[in-house]
Amino acid sequence: MTESSANKLLNGDACHRTSNGRKPSKNGFVKNHCLFQQPQKYRRPREKNQNVTYNSSLYKKPFVESFEETPLLVAVLTYMGYGILTIFGYLRDFLRHWNIEKCHVAREREEQKDFVPLYQDFENFYTRNLYMRIRDNWNRPICSVPGAKMDLVERVSHDYNWTFDHTGKVVKDVINMGSYNYLGFAEKTGACADAAIEATQKYGVGVGSTRCEMGNLDIHEEMEQLVARFLGVESSMAFGMGFATNSMNIPALTGKGCLILSDELNHASLVLGARLSGSTIRVFKHNNMQSLEKLLRDAIVHGQPRTHRPWKKILIVVEGIYSMEGSIVRLPEVIALKKRYKAYLYLDEAHSIGALGPNGRGVVDYFGLDPKDVDIMMGTFTKSFGAAGGYIGGKKELIDYLRCHSHSALYATSMSPPVAQQIITSMKIIMGEDGTTLGADRLRQLSENTTYFRRKLREMGFIIYGNDDSPVVPMMLYMPAKIGAFGREMLKRNIGTVVVGFPATPIIESRARFCVSAAHTREMLNTALEAISEVGDLLQLKYSRLEQPLPSLVWMSEESLLQD
């Protein structure tokens, strides 16, 4: 069993050799996944076992996440595939060294060989020999609104993906299954687009100054007040870039003598912000509460290294929805641990805000929790709102402090006015303050589409990861050759997808990642599912060993769960 699959066990459940007559999986291990035991309601695969967590009282509804193990034969063949690619890579590097094969990569000139090298050949080995073979699956130019459907500029390569030439043709009406357009606000018509046009005519496109100088507009103030009201917090602050919201604000919150406890699958912006802060960083296993509690206990008992002084601050950093796994943070348990050990909680809701919860207010709304229990609520406007930038919400003292100490607040140019207006209009629609039910309809449509799409993929026999309610749907491909083949075959069928491989994922867990949108009609989803099934048969991707698919679980009250 691989370390990456072991890390996906929920709530600290351990992998163990089978005993008591239970049938093992193909690699001899059993994995426990489900938070609630639901007797006689659905069947798990024979090679897996269910377990009831001791913290079920914190949840008011079933919390089900699926991480089926990599079949042993598939894992072996995947390692062999990467091994063969590596061997041929070294062979091609040898041919390039002796000028037998043309070298396209940047390299040092002969007269500069005595200088410190700018390019490390070994570091670029993967780019030269593996990534270039499938580079045509990324950076495809789009020439329309990236909504439920989009138009792509056709391009070809005559040198094995080192360069591309545009043919002048456009691939029309490609179904977009890759954009984070969860609520369908990435559109060129409608209330949002009209309001953004009016804001452009009134304010222009750019501000040309920071917020603390001449770039603080009334539209920015209105937006921040609306965001605070939407989140249910005292105050909020907006930033022009989502990545910088994390990477530039975490250093303002923690520093030397502080401890950051970070989920191992946190986004690169969170990792960068933690490193820039100068704080001590310790990583806990993904969504594993036993691992997190152990780190908290050790931090309290032992304190700082060498001096053993108490930590100035302990900050737990998690995400709402993890964009590569499709999993949802176990927020009720994280909050319980945070309160027990007097730590602070930083919640990144980039993918969950607008996409989860009955009111679209993110993972806090999804679990029915109090926003005041989260110390720092961060999110982005780039997904569900169809805009750009990010925000931080919390107590007024926190926001006032960040206005004076955040690098994003002091040195970054203010958010573009039409972007701010897009955020205001889309957020009011979600809240129902536009006088229509459009926001509620989109939230309901997203939930229905997510449930339908996940259920159909399971019925087809694909291995998919993540929570049943997550609109991010990773489908496992595993083998390196199938990464490029899947993306190309899907585009032939007019379906735009995102494929991901090593080093963005563990080496044996390459995947295709689908993002479900409220803008997708049932016809679009059926067309995409037909194409996925056809390509899955072609590439032999239906690895799942489930006896039958899991039915969609209904919302249940805590009382009914206790009765069960």
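For the structure itself, consult the block above.
Conventions and cut-offs
- Residues numbered from 1 in each chain as written.
- Predicted model: local features only at pLDDT ≥ 70, side-chain atom pairs only at ≥ 80, totals over all residues.
- Heavy atoms only, no water.
- Pairing = 2+ DSSP bridges.
- Helix = DSSP H or I, 4+ residues; strand = E, 2+ residues; numbered from the N terminus.
- 1 Å grid on protein atoms, 1.4 Å probe; cavity = no way out; pocket = protein on both sides within 12 Å on 5 of 7 lines; lining within 4 Å.
- Points joined across faces, edges and corners; volume = space filled by probe spheres on them.
- Nonpolar A, V, L, I, M, F, W, Y, C, P; charged D, E, K, R; others polar.
- Expected span 1.5 Å × (residues − 1).
- Buried < 20%, exposed > 50% of the residue type's maximum accessible area, 1.4 Å probe, protein only.
- Salt bridge = Lys/Arg side-chain N within 4 Å of Asp/Glu carboxyl O.
- Core = buried A, V, L, I, M, F, W, Y, C linked by side-chain atoms within 4.5 Å.
- Contact = heavy atoms within 4.5 Å.
- Axes fitted to C-alpha atoms, helices over the stretch in contact; angles between N-to-C directions.
- Parallel < 35°, antiparallel > 145°, perpendicular 65-115°, else oblique.
- Left-handed = near helix turned anticlockwise from the far one by under 90°.

Novice: Account for the sheet that holds strand 4 (residues 149-156), with residues named and values stated.
Specialist: Strand order in this open sheet of three strands is 4-5-15, and the pairing throughout is mixed. Since the sheet does not close on itself, it has two edges, and those belong to strand 4 and strand 15 (495-496), each with one partner. Bridge count for strand 4 against strand 5 (residues 165-176) is six bridges, and the pairing is antiparallel. Across the sheet, arginine 155 pairs through a bridge with histidine 166, a residue of strand 5.

Novice: Break down the environment of arginine 297 for me, with residues and values.
Specialist: Structurally, the position occupied by arginine 297 is in helix 9 (residues 289-302). It is 7.8 Å that separates the C-alpha atoms of arginine 297 and tyrosine 341, two residues lying 44 residues apart in sequence.

Novice: Run through empty space enclosed by the protein, naming residues and quoting values.
Specialist: The full count for this structure, using the stated rule, is five cavities of 30 Å³ or more. Taken together, 13 residues line the largest cavity, and the ones lying closest to its centre are Arg211, Ala238, Phe239, Gly240 and Ser414. Looking at the lining of the largest cavity, the elements that each hand over two or more residues are helix 5 (218-231), strand 6 (235-239) and helix 13 (407-411). The element contributing the most residues to the lining of the largest cavity is strand 6, with three residues. For the lining of the largest cavity, the per-class residue count stands at seven nonpolar, five polar and one charged.

Novice: Help me get a handle on helix 17 (residues 522-539), residues and values and all.
Specialist: Counted at 1.5 Å a residue, the expected span for helix 17 with its 18 residues is 26 Å, and the 25 Å between its end C-alpha atoms agrees. Taken together, the buried positions of helix 17 are occupied by Met524, Leu525, Ala528, Leu529, Ala531, Ile532, Ser533, Val535, Gly536 and Leu539. Where helix 17 terminates, the next one or two residues include glutamine 540, which has phi positive at roughly 55 degrees.

Novice: With reference to specific residues and values, describe the pattern of salt bridges.
Specialist: Counted according to the given criterion, the structure contains 29 salt bridges. For glutamate 448, the salt bridge is made with arginine 444, and the minimal N-O distance between the two is 4.0 Å. With glutamate 448 and arginine 444 both in helix 15 (residues 438-460) and four residues apart, the pair spans about one turn of that helix. Classification of glutamate 448 by relative accessible area gives partly exposed; the value is 38%. One salt bridge connects glutamate 489 with arginine 493, and the closest N-O pair in it is separated by 2.8 Å. Among the residues examined, glutamate 489 registers a relative accessible area of 16% and is labelled buried. Residues joined by salt bridges that share partners form a network here, namely Arg92, Asp93, Arg96, Glu101 and Arg128.

Novice: How would you summarise the nonpolar core if you had to cite specific residues and measurements?
Specialist: Ranked by size, the top nonpolar core spans 66 residues in total, and within it Leu261, Leu296, Ile316, Leu331, Val363, Phe381 and Met427 carry the most contacts. Among residues more than four places away in sequence, those in contact with methionine 427 are Leu226, Val227, Phe230, Phe381 and Phe385. By size, the runner-up hydrophobic cluster in this structure holds 41 residues, among which are Leu130, Tyr452, Ile463 and Phe486.

Novice: I'd like to hear about the packing of helix 5 against helix 14 (residues 417-431), residue by residue, with values.
Specialist: Taken N-terminus to C-terminus, the directions of helix 5 and helix 14 make an angle of 30 degrees; their axes are 10 Å apart at the nearest point. Judged by the angle between their axes, helix 5 and helix 14 are roughly parallel. For helix 5 against helix 14, the interelement crossing comes out left-handed. Between helix 5 and helix 14, the contacting residues are Ile219, His220, Glu222, Met223, Leu226, Val227, Arg229 and Phe230 on the first element and Pro417, Ala420, Gln421, Ile423, Ile424, Met427, Lys428, Ile430 and Met431 on the second.

Novice: How would you summarise the sheet that holds strand 8 (residues 280-284) if you had to cite specific residues and measurements?
Specialist: If you walk across this open sheet you meet the seven strands as 6-12-11-10-9-7-8, and the pairing is mixed. Strands at the two margins of the open sheet, each flanked by one partner only, are strand 6 and strand 8. Pairs of neighbouring strands in the sheet enclose a mean axial angle of 20 degrees, with direction left out of account. One ladder, built from five bridges, connects strand 7 (residues 258-263) with strand 8; its direction is parallel. Bridging across to strand 8, leucine 261 finds its partner in arginine 282. In this fold helix 5 packs onto strand 6, strand 11 (376-380) and strand 12 (390-394), with an angle of close to 125 degrees to the strand it touches most, strand 6. Contacts between helix 9 and the sheet are confined to strand 7, strand 8 and strand 9 (313-319), with strand 8 contributing the most and set at about 150 degrees to the helix.

Novice: Mind laying out the environment of leucine 272, listing which residues take part and the relevant values?
Specialist: For leucine 272, the location among the structural elements is in helix 8 (residues 268-277). Judged by its relative accessible area of 34%, leucine 272 falls in the partly exposed class. Measuring from C-alpha to C-alpha, the distance between leucine 272 and methionine 248 comes to 8.8 Å, with 24 residues separating the pair along the chain. Non-local contacts of leucine 272, meaning those with residues more than four positions away in its chain, are made with Phe243 and Ser247.

So far we have only geometry, and geometry alone does not tell us how the molecule works.
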